[in-house]
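# Report on the structure
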Amino acid sequence: MDSIVVTGNGPLQGDIPIAGAKNACLALMPATLLSEEPLTLTNAPRLSDIKTMNTLLASLGAEMAVLQDGLVITTASHGEINPVADYDIVRKMRASNLVLGPLLARLGHAVVSLPGGCAIGARPMDIHIEALEALGAEIELKDGYLHAKAPGGLKGAVHKMRFASVGATENMLMAASLAKGTTVIENAAREPEIVDLAQCLRKMGAQIDGEGTSRIEIQGVDRLHGATHPVVTDRIELGTYMLAPAICGGEVECLGGRLELVESFVEKLDAAGVSVEQTDRGLKVSRRNGRIRAVDVVTEPFPGFPTDLQAQMMALLCTAEGTSVLEEKIFENRFMHAPELTRMGANIEVHGGHATVHGVERLKGAPVMATDLRASVSLILAGLAAEGETVVNRVYHLDRGYEHVEAKLQAVGAKIERIKE
Ligand code: UD1
């Protein structure tokens, strides 16, 4: 398995282009199952998770064309669609569960393996199941597969989600677009990736109102048509690279970045002593004079602080002046990077959903292990400013979520290289 070697060095300077959002693209691609006409996505990120979704959709009978080195993905589902999403593909990535709603809407039945993905918590499917059952689906778990059917077709309904689950909102949004009548999703997730999906579905002919708020209303239509849609900027990749100059000093412009995607994160950066300015090219980030200050962080659904930036933020706070408390409210097992950061000299105590970080002057390079996608990149960020060499082992998770990570960081002056195995 590849590893990444990072050598701590001085301030970073230059531009980092931010890719299209992995999480948006993974929700947009299954929307192809809702129409017989082609769906073209531009600004797609070049990541292994996107390849996994390609493989899954192809196994269901969609025709896939990946152009311009992966930036453009066209999918067409005009042939016969296979209702079974197999364990061997689904286990690689939790977002595979996003084919459940579209398959049900298109075929009236689906058999989808329970998903895998990063080991950051139990991540059950109950909220997805309740949402689709509200639309009239009957779902049973047998042999590790969800067997779903909607004998009389899906019917619109008013449904309040117990928790504003991103994936369940996406599944329900897609299913309701082809259901009979009106659906109202209450306590819907408000993430920018949901807004992006709703905008794309609308281009396909869906009638949707209220995306980006907690109440989304959908008038079902009989059929959807083809469309072309650019994937929204990846706010997690954006936040990750914004932390590079925050940790190392210097000034980096994250091209394509927009403040409204990362407001709660920018508030915390500001409190820690990092300046962020919106320019016409993106977000310009620089560290103000002196040491980073400690800040407390609580992860919450959007527009709160994103759980997907918690590990990276912890890497910054390891060398802050004072003590920071990070509270993880979305996933129960998401501090696996803490013991690895401790190997680099960080002083962190984890108690249940809280991590207390006592800032130290400087981290020291060490061999560390990447445990999940965001944890991997937090260790790279920590290594950028640590004394000496950090070797991040088991980086396959990284390639699921970050394209060209070494090239992007080298371009702003970081010393980072990949050792291929
Ligand atoms: C999405 C993102 C992921 C991000 C997460 C929270 C994608 C592909 N992934 O994941 O990167 O970290 O949002 O912002 O978009 N839950 C249940 N039952 C369910 C569904 C979820 O208990 O049926 C729980 C999960 O275990 C978790 C919490 O709800 O603790 C949040 O999950 P959810 O919002 O559904 O996240 P995902 O869509 O899986």
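Residues numbered from 1 in each chain as written. Predicted model: local features only at pLDDT ≥ 70, side-chain atom pairs only at ≥ 80, totals over all residues. Heavy atoms only, no water.

## What about helix H6 (residues 166-177)?
Which entries qualify depends on this criterion: Numbering of helices and strands runs from the N terminus; a helix is a DSSP stretch of H or I covering at least four residues, while a strand is a stretch of E covering at least two. For a helix, the expected span equals 1.5 Å multiplied by the number of residues minus one. Working definition: with a 1.4 Å probe on protein chains only, accessible area under 20% of the residue-type maximum means buried, over 50% means exposed, and in between means partly exposed. In protein, a polar contact requires one atom able to donate a hydrogen and another able to accept it; more generally it is a pair of N or O atoms within 3.5 Å, and residues adjacent in sequence count only if both atoms are side-chain atoms.
Here H6 contains 12 residues, and its C-alpha end-to-end distance of 17 Å stays within 8% of the 16 Å for a straight helix at 1.5 Å per residue. Inspection of H6 places Gly167, Ala168, Thr169, Glu170, Asn171, Met172, Leu173, Met174, Ala175, Ala176 and Ser177 among the buried residues, and these make up the whole buried set. Measuring from the side-chain oxygen of the N-cap residue of H6 to the backbone nitrogen of Ala168 gives 3.0 Å; that N-cap residue is Ser165.

## Observations concerning the packing of aromatic side chains
As a reminder, the rule being used: When the centres of two rings from Phe, Tyr and Trp lie within 6.5 Å, Trp using its six-membered ring, the rings pair. Their planes under 30 degrees apart give stacked, over 60 give edge-to-face, and anything left gives tilted.
Under the definition given, this model contains 2 aromatic pairs. With a centroid separation of 6.4 Å and 85 degrees between ring planes, the pair formed by Tyr241 and Tyr402 is classed as edge-to-face. With a gap of 161 residues between them, Tyr241 in helix H8 (residues 235-248) and Tyr402 in the loop between helix H13 (398-401) and helix H14 (405-410) connect regions that are remote in the sequence. Residue class for Tyr241 comes out buried when judged on its relative accessible area of 1%.

## Some words on the sheet that holds strand S21 (residues 354-358)
Here is the rule: Being paired, for any two strands, means DSSP has found at least two bridges between them. Contact between two residues is taken to exist if any of their heavy atoms lie within 4.5 Å; hydrogens are not considered. Each axis is a line fitted through C-alpha atoms, and for a helix only the stretch in contact is used; angles between axes span 0 to 180 degrees, taken between their N-to-C directions.
Strand order in the open sheet formed by 4 strands is S18-S19-S21-S20, with mixed pairing between adjacent strands. The strands lining the two open edges of the sheet, one partner per strand, are strand S18 (297-298) and strand S20 (347-351). Sheet analysis places S18 next to strand S19 (residues 323-327), joined by 2 bridges and oriented parallel. Bridge pairing links Val297 to Leu326 in S19. Where helix H10 (residues 310-317) meets the sheet, its contacts fall on S18, S19, S20 and S21, and the angle it forms with S19 comes to roughly 175 degrees.

## Some words on the domain arrangement of the chain
Note the cut-off: Where each domain starts and ends follows an automatic or database-derived domain assignment. Joining two parts hides part of their accessible area as seen by a 1.4 Å probe, and the buried area is that hidden amount summed over both. Gly counts as polar in this scheme, as do all residues outside two lists: the nonpolar Ala, Val, Leu, Ile, Met, Phe, Trp, Tyr, Cys and Pro, and the charged Asp, Glu, Lys and Arg.
Domain assignment breaks the chain into domain 1 (3-18 + 233-419) and domain 2 (22-230). Here domain 1 and domain 2 have C-alpha centroids that lie 31 Å from each other. Opposite the 23 residues of domain 1 that make contact, domain 2 presents 18 residues. The junction of domain 1 with domain 2 conceals about 1900 Å² of combined surface from both sides, 51% of it contributed by carbon and sulfur atoms. On the domain 1 side of the contact with domain 2, Phe302, Arg400 and Glu403 bury the most area, a combined 34% of that side's loss. Taken together, the connections running from domain 1 to domain 2 amount to 7 residue pairs in polar contact (both at pLDDT 80 or more). Every element with two or more residues in the side of domain 1 that touches domain 2 is listed here: helix H12 (373-385) and H13. It is H13 that provides the largest number of residues to the side of domain 1 that touches domain 2, a total of 3 residues. Looking at the side of domain 1 that touches domain 2, its residues break down into 9 nonpolar, 4 polar and 10 charged.

## With respect to the sheet that holds strand S15 (residues 250-255)
Ordered in space as S2-S15-S17-S16, the 4 strands form an open sheet in which the pairing is mixed. Lying at the two open borders of the sheet, with one neighbouring strand each, are strand S2 (12-17) and strand S16 (274-278). Neighbour-to-neighbour, the strand axes of the sheet open up by a mean angle of 15 degrees, direction not taken into account. Inspection of the sheet shows S15 paired to strand S17 (residues 282-287) by 5 bridges, in the antiparallel sense. Within the sheet, the bridge partner assigned to Val252 lies in S17 and is Val285. The sheet contacts of H8 involve S2, S15, S16 and S17, and relative to S17 the element is tilted by about 25 degrees.

## As for the side chain of His337
Checked against the element boundaries, His337 lands in helix H11 (residues 337-343). At a separation of 2.9 Å, a polar atom in the side chain of His337 contacts the side chain of Gln310. Ignoring anything within four residues of it in the chain, the contact list for His337 reads Gln310, Ala311, Met314, Thr371, Ala375, Ser378 and Leu379.

## Points about the site of the ligand
The cut-off we apply is this: By convention in this text, a residue qualifies as near a molecule or strand provided that one of its non-hydrogen atoms is within 4 Å of it. Computed by Shrake-Rupley with a 1.4 Å probe, the accessible areas treat only the displayed protein chains as cover when residues are assessed.
Of all residues adjacent to the ligand, which total 18 residues, the nearest are Asp126, Ile127, Ser165, Asp308 and Ile330. Between Arg94 and the ligand, the recorded distance is 3.0 Å, taken from a side-chain N or O atom to an oxygen atom. Backbone polar atom of Met125 to an oxygen atom of the ligand: 3.4 Å apart, as the coordinates give it. Contact with the protein chains hides 87% of the accessible area of the ligand, taken as 740 Å² for the molecule alone.

## Description of the pairing of strand S9 (residues 145-149)
Bridge count for strand S7 (residues 109-113) against S9 is 5 bridges, and the pairing is antiparallel. For Val112, the partnering residue across the bridge sits in S9 and is Leu146. Two strands pair when backbone bridges link them, and strand S8 (residues 138-142) and S9 are joined in this way by 5 bridges, in the antiparallel orientation. Residue pairing in the sheet places Glu140 in a bridge with His147 of S9. The loop that links S8 with its antiparallel partner S9 comprises 2 residues; one of these, Asp143, has a positive phi angle of about 50 degrees.

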